[in-house]
Amino acid sequence: MLSAAERSAVDGLIQQDHRIAAVARVREAFRAESRPGLYETLDVVAERYRELGRRFERYPTPPLNLVTLTEKVEALPGRTVAVEALWDGDTEGWCVHLMALTDVPAAEHRLATIRHGSDLRLFNGAVPPWPEAQEAESVGRALAEQFGVPFHFASPDRPDDDTPRWRATS
C-alpha cells in the first residue's frame, strides 16, 4: 500500500541495512488512524528484505581470533590497563562487546562484538548458557593474560547492561 516513491525510499534503507529506519519510514507513510502496528510493519520490512535478496535475520559473528585481537590492542594509543566484556542490547537481541581500556589517553576501545543469535533463543530454550558470554570470557581472559592486565566481566551468566564497570585500583 506504499506509493512507488515511499517503497523506493524504504528499499534504499533496506539496501543499507537500516532496518529500524525502514520500519519508521513505513509507519510514517500512513496517517495515524491507518498506520500499521509495529509487528505488522516488521513483517512487511522482513518480507521486503527477502524480496530484495537480503537476509533479515543476523548471522552469528565469526569466532574471535586471539592473534587479530592482540594486534588491535598493540595498535592502541596508550597503555592497556584492562580488558572488559560488556553486555549490550539492541533490536536484534543481546550481544557482548570486548573492550580494551587504556590509561593515557583514558579511553575505551571496542575490539569486537560477539553475537550468536537473536533473542528468539530465549523462547525456544536455547539460552542460557549464553555462548557469546562464554566466548567473551575465554578469549577476553586469554587476551588480558597476554598483556598482564585484569579481565572484567561483571555478568557472565546473564545479560545485564547495567552492571558495575571495571575501575582501576590505585
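Criteria and cut-off values
- Residues numbered from 1 in each chain as written.
- Predicted model: local features only at pLDDT ≥ 70, side-chain atom pairs only at ≥ 80, totals over all residues.
- Heavy atoms only, no water.
- Buried < 20%, exposed > 50% of the residue type's maximum accessible area, 1.4 Å probe, protein only.
- Helix = DSSP H or I, 4+ residues; strand = E, 2+ residues; numbered from the N terminus.
- Arc of directions from axis to C-beta.
- Contact = heavy atoms within 4.5 Å.
- Axes fitted to C-alpha atoms, helices over the stretch in contact; angles between N-to-C directions.
- Parallel < 35°, antiparallel > 145°, perpendicular 65-115°, else oblique.
- Left-handed = near helix turned anticlockwise from the far one by under 90°.
- Nonpolar A, V, L, I, M, F, W, Y, C, P; charged D, E, K, R; others polar.
- Pairing = 2+ DSSP bridges.

Asker: Whenever I open this one, helix 4 (residues 66-74) confuses me. Can you help?
Answerer: Turn by turn, an α-helix covers 3.6 residues, leaving residues three or four places apart pointing in a common direction. Every buried residue of helix 4 is accounted for by L69, T70 and V73. All buried residues of helix 4 lie within an arc of 105° about the axis, which places them on one face of the element. Seen from the open side of helix 4, the exposed residues pointing more than 90 degrees away from its buried face are V67 and E74. The inward-facing, buried residues of helix 4 abut strand 1 (80-90), strand 2 (93-102), strand 3 (107-114) and helix 6 (131-147).

Asker: Whenever I open this one, the packing of helix 4 against helix 6 confuses me. Can you help?
Answerer: A pair of packed helices can be characterised by two numbers: the angle between their axes and the separation between those axes. At a minimum axis separation of 10 Å, helix 4 and helix 6 run at an interaxial angle of 50°. With respect to their mutual orientation, helix 4 and helix 6 come out oblique. Read as a crossing pair, helix 4 and helix 6 show a hand that is right-handed. Every residue of helix 6 that contacts helix 4 at L66, L69, T70, V73 and E74 is listed here: V139, A142, L143, Q146 and F147. Looking at the contact of helix 4 with helix 6, its residues break down into 7 nonpolar, 2 polar and 1 charged.

Asker: What's the story with the environment of F30 in this structure? I'm lost.
Answerer: You can see F30 is positioned in the loop between helix 2 (19-28) and helix 3 (38-51). According to the relative accessible area criterion, F30 is buried, its value standing at 16%. Linking F30 and L2, residues 28 residues apart in sequence, is a C-alpha distance of 8.5 Å. If near-sequence neighbours (up to four positions away) are discounted, F30 is found in contact with M1, L2, R35 and P36.

Asker: Explanation requested: the sheet that holds strand 2 in the structure shown.
Answerer: For sheets, the rule is that strands pair by backbone hydrogen bonds, running either parallel or antiparallel. Reading across the sheet, the 4 strands line up as 3-2-1-4 and stay open at both edges, with mixed pairing between neighbours. Looking at which strands have only one partner, the edges of the open sheet turn out to be strand 3 and strand 4 (151-152). When strand 1 meets strand 2, the two strands line up antiparallel, connected through 10 bridges. When the bridges of strand 2 are listed, A82 appears paired with L101. Running over the sheet, helix 4 touches strand 1, strand 2 and strand 3 and is turned about 165° from strand 3.

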